[in-house]
Amino acid sequence: MFRGKTFRVAVFVFAILCLPTFCSADTSLRDQAVDFWEQGQEFAENLALPHQPISDSTPAPPLATLKTNQQGILGIAIGQSTQHLKETWGSPQRIDPHPLGYVWWIYNKDPNHYVQAAVKDGKVMEIYSNAPTWSFRGIQIDSSKKELLDTFPFQNRITFSYENAQVSVDNNVDGKALFMIEEQPILFYLDLYREQRVTGIRFLSKEALVKGSFFNRQFTYTGQKPSLTKASLNQEQQDKLEQSMAKQIFDLTNVIRQRYNLSVLTWNEEAARVARSHSMDMVSHQFFDHVSKTTGMDPFERMEFAGIHYKTAGENIAYGQNDGIEALEGWMNSEGHRKNILYAPFTTLGVGVKNDYYTQNFVTP
């Protein structure tokens, strides 16, 4: 959903186009809006802003100078030690939690060289980048789908062993292509609006592929049932995870804008509070819409209610994606959401996540 000075367009994921309504006479709706706003504000006050550096600072070589390798990207492969990761990429600018108990090492100093690696027990478990720096066996950002399929054989269904289970994955999601290369799951993201050219790469652990919601999957096993779901998180862990996904969505949005020669956005804490409040509202009241089921407010009324003044503003929402990476990649394959992300006049962004509900609020003051 977008608003400028003279027009408005609504954009939805898994929803229909509709016009927002609001009844100012109903004070109970205003009370609910205040309640969600205060909850979002309290949460945002504990949110470390994006690009906050960690205390350790091992110097890193320029990522653009790192050699490619056959097993990973930018000199790093799955299974290598965190010591090797640190020697190769330096200390991360930020460390974020991961849904599976890993931790993400985030390298976001330069959007042109953005990369993140998930580590656990001293080893690299996942790698992701949507920046134009990496190359893997000749495939890189903007490689054609034909080049990708000529390099790696594609299978509509991928099977592999995990613990004592046989796992079958339906490899049929638009905008994604999964390959099992030497027992390593590698996911390529494809741009549906640019002839399915490669727009990102993600080296997954088998655990992430089994326990995440990347694809439909089936399991068969003998004996004791293997662990096929994510471990439950306490409230503090869940809050920290949601904070990390909000930060990552912010970072990845700027990587995309930089790739399209657009100015990067700055973090807007007030917009983040509004975004967080709307995600909380959708979770609590089981709806998915730009217009609140409980308050009747559309995104622009929510921003105005929070005291945000804007020349232009927009909102993206998503539901059901595995994490912030998947949400951002999904938005880029949806025309209206993509337009918001690539809208040149936007200058600031706030992001709010609750469970698997994601909200972006774009604001040009």
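A. Just the overall build of the protein chain, in detail. Broken down by element type, the protein chain carries nine helices and 18 strands. Among the 365 residues that make up the protein chain, the fraction classed as buried is 56%. Put simply, of all contacts in the protein chain between residues at least 6 apart along the chain, 65% involve residues at least 24 apart. Surface exposure of the protein chain reaches about 16000 Å², of which carbon and sulfur atoms provide 49%.

B. How the structure looks around unusual backbone geometry. With a phi angle near 70°, E183 is a residue other than glycine that sits in the positive phi range. The topology assignment puts E183 in the loop between β11 (176-181) and β12 (184-191). Of note in the backbone geometry, Q286 takes a positive phi value of approximately 50° without being a glycine. Secondary-structure assignment places Q286 in the loop between α6 (269-285) and α7 (299-305).

C. Geometry of the pairing of strand β17 (residues 348-354). Counting buried residues along β17, seven of its seven residues qualify, which places the element largely inside the surrounding structure. Residues T348, G350, G352 and K354 of β17 are buried on one face, and the alternating residues L349, V351 and V353, pointing to the opposite face, are buried as well. The pairing of β17 with strand β18 (residues 357-364) spans seven bridges and is antiparallel. What sits directly across from V353, in β18, is Y358.

D. Quick peek at the nonpolar core. Among the nonpolar cores identified, the biggest contains 50 residues, and F160, W331, I341, V351 and Y358 are the most heavily contacted of them. Looking at this core, the element that brings in the most residues is helix α5 (residues 235-259), giving eight residues. One finds I76, V119, F152 and A177 within the second-largest nonpolar core, a separate group that totals 27 residues.

Each value, and the rule that gives it
Residues numbered from 1 in each chain as written. Predicted model: local features only at pLDDT ≥ 70, side-chain atom pairs only at ≥ 80, totals over all residues. Heavy atoms only, no water. Helix = DSSP H or I, 4+ residues; strand = E, 2+ residues; numbered from the N terminus. Buried < 20%, exposed > 50% of the residue type's maximum accessible area, 1.4 Å probe, protein only. Contact = heavy atoms within 4.5 Å. Areas by Shrake-Rupley, 256 points an atom, 1.4 Å probe, with all protein chains shown as cover. Pairing = 2+ DSSP bridges. Core = buried A, V, L, I, M, F, W, Y, C linked by side-chain atoms within 4.5 Å.

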